[in-house]
Amino acid sequence: MNRRSVLIVCNRVPYPLKDGGALAMYAMIQGWQEQGWEVHVLAMNTSRHRVAHAQLPELFRQIASFEMVDVDTDIRWSRVFGNLMLSRKPEHAQRFFKKEFARRLKVLVQQVRPALIQFESIYLHEYMPELRRISGDALIVQRLHNVEHEIWARLARQTTGALKKAYLENLARRIAVYERQVWSECDAVIPITQKDADYIRHSNIDTPQIVIPYGMHWSDTESEIPGGRWKAYHIGAMDWKPNAEAMDWMRDAIVPAVQARVKEFTFDFAGRSMPERFLNREQSSSFNCCGEVADAQAFIADKQILIVPLKSGSGLRVKTLEAMAAGKLVISTSVGIQGIDALDNIHFLKADTASEFADKLEWVMQHPQAAQRIVANAKDLLRAHHSLPALMQQLSVFTDTLFVSQHKKTVTVS
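Remember, predicted model here, so these are calculated numbers, not experimental data. (Residues numbered from 1 in each chain as written. Predicted model: local features only at pLDDT ≥ 70, side-chain atom pairs only at ≥ 80, totals over all residues. Heavy atoms only, no water.)

**Here's the deal with the overall build of the chain**
Counting its regular elements, the chain contains 18 helices and 14 strands. Scaling as 2.2 N^0.38, a compact globule of 414 residues should have a C-alpha radius of gyration of about 22 Å, and the chain matches this with 21 Å. The C-alpha extent of the chain, read off along each of the three principal axes, is 65 × 50 × 45 Å. Here the chain holds 414 residues, and 58% of them are scored as buried. Between the averaged position of the 51 positive side-chain charges in the chain and that of its 46 negative side-chain charges there is a distance of 4 Å. (Helix = DSSP H or I, 4+ residues; strand = E, 2+ residues; numbered from the N terminus. Rg over C-alpha atoms; globule rule 2.2 N^0.38 Å. Buried < 20%, exposed > 50% of the residue type's maximum accessible area, 1.4 Å probe, protein only. Lys, Arg positive; Asp, Glu negative; His and termini not counted. Charge placed at Lys NZ, Arg CZ, Asp CG, Glu CD.)

See the structure below:
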């Protein structure tokens, strides 16, 4: 067994880099390689996020191996109903278990003999029993992008339809039970936020864990704040329910509140899987749907304010960190900023109601120099807490310690 080899198993191809999940997985692959590890990646090439080999970035050709397995993960309502009636597991877990993927994963583990197997989704836990049997003393770790059941519980609380609300509540309970099983049965957990790590600890799970936030290279992301008129934007995958929900709130409440106070307000939003209700709406400069954009960096280049009106969600908003690093001012709800050690009025501006968003945007237009100081403070914060090389060095030391001692304790990156 190669003590410096890692197999990263992904429930989707981490490319293109248009959403937080892809960015987070890509950074981890890059980070392990830069630490000198032999990196192998096996990813589901899902029907929802299909990627062609020609699209893959250079990094995936530089690592030891990168493979994709085409799988159909489309939602089938007959399967959802059958799962609800006949299983205690969340439907997601069954949807992501594919025999063809299991066969390729088994062969790859037997060929590579990795020292470390890292799952990038809790729903890949279905493959763990077989991997335990064939992988010898390999460490199996679970990376935690969020506490999944919290997302569904919040959605359930905000749903008015009785039948849908009951289903979402049931699903959230199933996922909560499933998550605790995953955390208990893996060798280590790698939460992306301290909040999620605390939740695991308070759930009486004693599995070793280390908090590794999203890391980045500053030379790739820094830019000067453009001059002229301040423009606002949001970008994110719209097949993630909290993002679509946020844009509904933006359209119905925030934009009207802002327009009454800030006449020059302009807002563009973009993302894959854009709902028809946004695409078919008559566009205006105050609420302009751009659909899916080919180049996210080009989309945000002439904009200065990232608006994050999230009401639900868990984990850490990678797009928020990317915006801070790129010199954007962030105006966010409390939910949207969670997982980032940012202070209101110092590193970002907090707004939890439509009127508060209007207040903060009006203040920005009237105090541009003070707003730019907040941008500078945010960059300083990220330099201290989100350097990819520093974070990966700590993760590498943590895994080396597990190899040697297998003792259970929690390590927190500050």
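**Thoughts on the environment of Ala-176**
Tracing the backbone through its elements, the reader meets Ala-176 in helix 8 (residues 162-185). Put simply, Ala-176 and Pro-242 are 66 residues apart on the chain and 18 Å apart in space, counted from C-alpha to C-alpha.

**A short note on the sheet that holds strand 9 (residues 267-270)**
Read from one edge to the other, the open sheet built from six strands follows the order 10-9-8-11-12-13, with strand pairing classed as parallel. Each end of this open sheet is capped by a strand with a single partner; those strands are strand 10 (288-289) and strand 13 (349-350). Relative to strand 13, strand 12 (residues 329-332) runs parallel, the two sharing two bridges. Of the residues in strand 13, the one forming a bridge with Ser-332 is Lys-350. Its contacts with the sheet put helix 11 (residues 241-259) on strand 8 (232-235), strand 9 and strand 11 (305-308), and the angle it makes with strand 9 is roughly 160°. (Pairing = 2+ DSSP bridges. Contact = heavy atoms within 4.5 Å. Axes fitted to C-alpha atoms, helices over the stretch in contact; angles between N-to-C directions.)

**Here we look at the pattern of salt bridges**
Applying the stated criterion across every chain, the model contains 24 salt bridges. A salt bridge links Arg-61 to Glu-58; the nearest nitrogen and oxygen atoms lie 3.3 Å apart. Linking Arg-251 and Asp-248 is a salt bridge whose minimum nitrogen-to-oxygen distance equals 3.1 Å. Residue Arg-251 and its partner Asp-248 are both found in helix 11; the two are separated by three residues, about one turn of the helix. In this structure, a network of salt bridges that share partners links the residues Lys-231, Asp-268, Asp-302 and Lys-303. (Salt bridge = Lys/Arg side-chain N within 4 Å of Asp/Glu carboxyl O.)

**Quick look at the packing of aromatic side chains**
If you walk through the whole model with that rule in mind, you get 16 aromatic pairs. With centroids separated by 6.4 Å and ring planes inclined at 15°, the aromatic side chains of Phe-96 and Tyr-123 adopt a geometry described as stacked. One end of the pair, Phe-96, is in the loop between helix 4 (91-95) and helix 5 (99-112); the other, Tyr-123, is in the loop between strand 4 (114-119) and helix 6 (128-134), and 27 residues separate them in sequence. Residue class for Phe-96 comes out buried when judged on its relative accessible area of 11%. Accessibility expressed as a relative area gives 5% for Tyr-123, which makes it buried. A ring pair is formed by Trp-249 and Phe-357, whose centres lie 5.8 Å apart and whose planes are at 80°; its orientation type is edge-to-face. Of this pair, Trp-249 sits in helix 11 while Phe-357 sits in helix 16 (residues 354-366); the two residues are 108 residues apart in sequence, bridging distant segments of the chain. The residues Trp-249 and Phe-357 share a single accessibility class, namely buried. Put simply, the rings of Phe-265, Phe-267, Phe-269, Phe-278 and Phe-287 pair up and form one aromatic cluster. For the cation-ring pair, Lys-303 lies above Phe-299, with the distance from its terminal atom to the ring centre recorded as 4.3 Å. The ring of Trp-249 has Lys-311 lying over it, and the distance from NZ or CZ to the ring centre is 4.4 Å. (Phe/Tyr/Trp six-rings, centres within 6.5 Å; stacked < 30°, edge-to-face > 60°. Lys NZ or Arg CZ within 6 Å of the ring centre and 35° of its normal.)

**Overview of the pairing of strand 2 (residues 38-46)**
In terms of burial, strand 2 is a largely internal element, eight of the nine residues being buried. As paired strands, strand 2 and strand 3 (residues 65-71) are joined by seven bridges and run parallel to one another. By the bridge assignment, Thr-46 is partnered in strand 3 with Val-71.

**Some thoughts on the nonpolar core**
The biggest cluster of nonpolar side chains holds 97 residues, and the ones touching the most others in it are Trp-32 and Phe-265. Of all the elements, helix 1 (residues 20-34) adds the most residues to this core, at eight residues. In this structure, Tyr-123, Ala-138, Ile-140 and Leu-168 belong to the second largest nonpolar core, which totals 41 residues. (Core = buried A, V, L, I, M, F, W, Y, C linked by side-chain atoms within 4.5 Å.)

**Some details on empty space enclosed by the protein**
Going through the model one piece at a time under the given rule, you end up with two cavities of 30 Å³ or more. Size it by volume and the largest cavity reaches roughly 50 Å³. Lys-18, Asp-19, Ile-235, Gly-236, Ala-237, Gly-271, Arg-272 and Val-293 together form the lining of the largest cavity. Split by residue class, the lining of the largest cavity holds three nonpolar, two polar and three charged. In this structure, the second largest cavity spans a volume of roughly 30 Å³. Surrounding the second largest cavity, Ala-27, Met-28, Arg-143, Ile-212, Pro-213, Tyr-214, Gly-215, Leu-388 and Met-392 form its lining. Listed by contribution, the elements that provide at least two residues to the lining of the second largest cavity are helix 1 and helix 18 (388-405). Of the residues assigned to the lining of the second largest cavity, the class counts are seven nonpolar, one polar and one charged. (1 Å grid on protein atoms, 1.4 Å probe; cavity = no way out; pocket = protein on both sides within 12 Å on 5 of 7 lines; lining within 4 Å. Points joined across faces, edges and corners; volume = space filled by probe spheres on them. Nonpolar A, V, L, I, M, F, W, Y, C, P; charged D, E, K, R; others polar.)

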